[in-house]
Amino acid sequence: MIRLLTPIIKSRLEKARTKSKNWKPIWTGDNGYKKFEVHGHPTNYMVDLGKRLCTCQFWMLTGIPCVHACTALSRVNKPPEDFCHCWLTMESYKKTYNHHINSISGQPLREHAEECNRPHAPKIKRKPEKLQMKRMMDSNEQVGRGSKKPKANPKPQSNNGDNVHLKRQLETFTCSFCSEKGHTRRGCKKTRVVDIVAVAATEADKKKKNEGAAPASEQQPTGTALATSDAQPVEIDISQPTASEAKDSQKDYRMKRPSKLSRRRRSSLLAISGPVNPMQGASSEDLPIT
């Protein structure tokens, strides 16, 4: 008697039966005609119809005859529906849903268990990101974690002091030039005066150089110093340069390039004048015998 199978199991069994045509069953010679060796690609399998086993383990796990079992059953002329497990038939399916099913109320109408704790969400691990270059702010300094730049017109602060931004309290600056507090060297007024005086001195030296006179810093007293009643020396400067200074000014101290060396020419071989006797100077022993 052929068992009635469920539609899904029946479709799987039909697929296995169509693929079984590519396999070849060979009887092993037992008395019960139940053991077969199925040959095909890529390997061979052993099928035992009496124990309902196959070396591929598909028949034992699912309860449905595999492709190799279907080839052996076609050799014996037996339907594969009879070798399926009893749980896969329509009779067992009807017995499963024969009894009544208890109704279940909705989730909001269920009783809450106070003894058990509520499940918490798992901790989210922070992914590797770029290092933060901003200063770590305290809890009372944070304005808004989402906004990077402060708003132009912030909202009025609450009395509780939740959104309060405190400025950094810095010490008073001291100038490194005049050692006064309240400003730095960059904004010091005395440094500006010194720079203006230095610029004026350099411009005066440039004018004197253009006129032909030495600058005030390079001038040396060449005359005699006269002592007055107040013991203040008086120097007499000579505007005209001396002869030695004139010669030094005419000298050119630039590095001169050395002159190029003359190229060497290969000496040609001296021409030999007159014929040369190759046998000249040879001994009597070296001469050929005639």
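Throughout, residues of each chain are indexed from 1 in the direction in which the sequence is written. Residue-level local features of this predicted model are given only where pLDDT is at least 70; pairs of side-chain atoms are given and counted only at 80 or more, and the full residue set underlies all totals for whole chains, interfaces and linings. In computing side-chain values, all of the structure's heavy atoms are included and hydrogens and water are not.

Per an unreviewed UniProt entry, the protein goes by the name SWIM-type domain-containing protein and belongs to Arachis hypogaea.

1. Side note on the overall build of the protein
How we decide: Put simply, DSSP marks the helices as runs of H or I at least four residues long and the strands as runs of E at least two long, and each gets a number from the N terminus on. Classification of residues uses two cut-offs on accessible area relative to the type maximum, computed with a 1.4 Å probe and protein chains only: under 20% is buried, over 50% is exposed, and between them is partly exposed. What makes two residues a contact is simply this: any of their non-hydrogen atoms within 4.5 Å. Here the open area of atoms and residues is found with the Shrake-Rupley method and a 1.4 Å probe, where only the protein chains shown may cover a residue.
A tally of helices and strands in the protein yields 6 helices and 6 strands. Starting at the N terminus and ending at the C terminus, the protein contains elements arranged as α-β-β-β-β-α-α-α-α-β-β-α. A total of 290 residues make up the protein; the buried ones form 14% of that total. Considering only contacts in the protein between residues 6 or more positions apart, those separated by 24 or more positions represent 35%. Within the structure as shown, the protein displays about 28,300 Å² of accessible surface, and the carbon and sulfur contribution to it stands at 54%.

2. A few points about the pattern of salt bridges
To be explicit about the condition: Any Lys or Arg side-chain nitrogen found within 4 Å of a carboxyl oxygen on Asp or Glu counts as a salt bridge.
Under the counting rule described, the total for this entry stands at 4 salt bridges. Where salt bridges share partners, they join Glu14, Arg17 and Glu81 into one cluster.

3. Quick notes on helix 3 (residues 67-76)
Because each turn of an α-helix spans 3.6 residues, side chains separated by three or four positions in sequence point in the same direction. With 8 of 10 residues buried, helix 3 is to be regarded as a mostly interior element. Within helix 3, burial applies to Val67, His68, Ala69, Cys70, Thr71, Ala72, Leu73 and Val76. Its buried side turned inward, helix 3 meets helix 1 (7-19), strand 1 (24-27), strand 2 (35-39), strand 3 (45-48), strand 4 (53-54) and helix 2 (58-62). Phi turns positive, to about 65°, at Asn77, one or two residues after helix 3.

4. Remarks on a nonpolar patch on the surface
The condition is simple: The patch calculation keeps residues exceeding 30% relative accessible area without a salt bridge and links them within 9 Å when they carry like charges or within 5 Å when they are nonpolar (Val, Leu, Ile, Met, Phe, Trp, Tyr).
Judged by side-chain polarity, Leu53, Met60 and Leu61 come together as a nonpolar surface patch covering roughly 320 Å² of accessible area. Its place among the elements puts Leu61 in helix 2. Judged by its relative accessible area of 69%, Leu61 is exposed.

5. So, the environment of Gly50
Relative to the elements of secondary structure, Gly50 occurs in the loop between strand 3 and strand 4. Overall, the relative accessible area of 46% leaves Gly50 in the partly exposed class. The spatial distance from the C-alpha of Gly50 to the C-alpha of Gly32 is 8.5 Å, given a sequence separation of 18 residues.

6. Things to note about the UniProt feature "domain: SWIM-type" (unreviewed entry) in the protein
Note the threshold: UniProt positions are given in the numbering used here, feature names are shortened, and annotations may be inferred rather than shown by experiment.
UniProt marks residues 45-77 with the feature "domain: SWIM-type" (unreviewed entry), using the numbering shown here. In the segment residues 45-77, helix accounts for 45% and strand for 18%; the C-alpha atoms at its two ends are 20 Å apart.

7. What about the nonpolar core?
If you look at soluble globular proteins, the nonpolar side chains tend to sit buried side by side. Under the convention used in this document: We call a set of buried Ala, Val, Leu, Ile, Met, Phe, Trp, Tyr and Cys residues a nonpolar core when their side-chain atoms join them within 4.5 Å.
Grouped together as the largest cluster of nonpolar side chains are 23 residues, with contacts concentrated most on Leu13, Val47, Leu49 and Trp59. Among the secondary structure elements, those contributing two or more residues to this core are helix 1, strand 2, strand 3 and helix 3. With 6 residues, the top contributor of residues to this core is helix 3. The contacts of Trp59, once residues within four sequence positions are left out, are Val47, Asp48, Leu49, Arg52, Leu53, Ile64, Pro65, Cys66, Ala69 and Phe83.

8. Details of the packing of aromatic side chains
Cut-off, in case you're wondering: Working definition: rings of Phe, Tyr and Trp (its six-membered ring) pair if their centres are within 6.5 Å, and the pair is stacked with planes under 30 degrees apart, edge-to-face with planes over 60 apart, and tilted otherwise.
Per the stated rule, a full pass over the model turns up 5 aromatic pairs. An aromatic cluster of at least three residues, connected via ring pairs, comprises Trp27, Tyr33 and Phe36.

9. Thoughts on unusual backbone geometry
Peptide bonds are trans in most cases, and residues, glycine excluded, mostly fall at negative phi. Following His41, the chain continues to Pro42 via a peptide bond in cis, the omega torsion being 5°. Tracing the sequence through the fold places Pro42 in the loop between strand 2 and strand 3. Of note in the backbone geometry, Gln57 takes a positive phi value of approximately 65° without being a glycine. Here Gln57 lies in the loop between strand 4 and helix 2.

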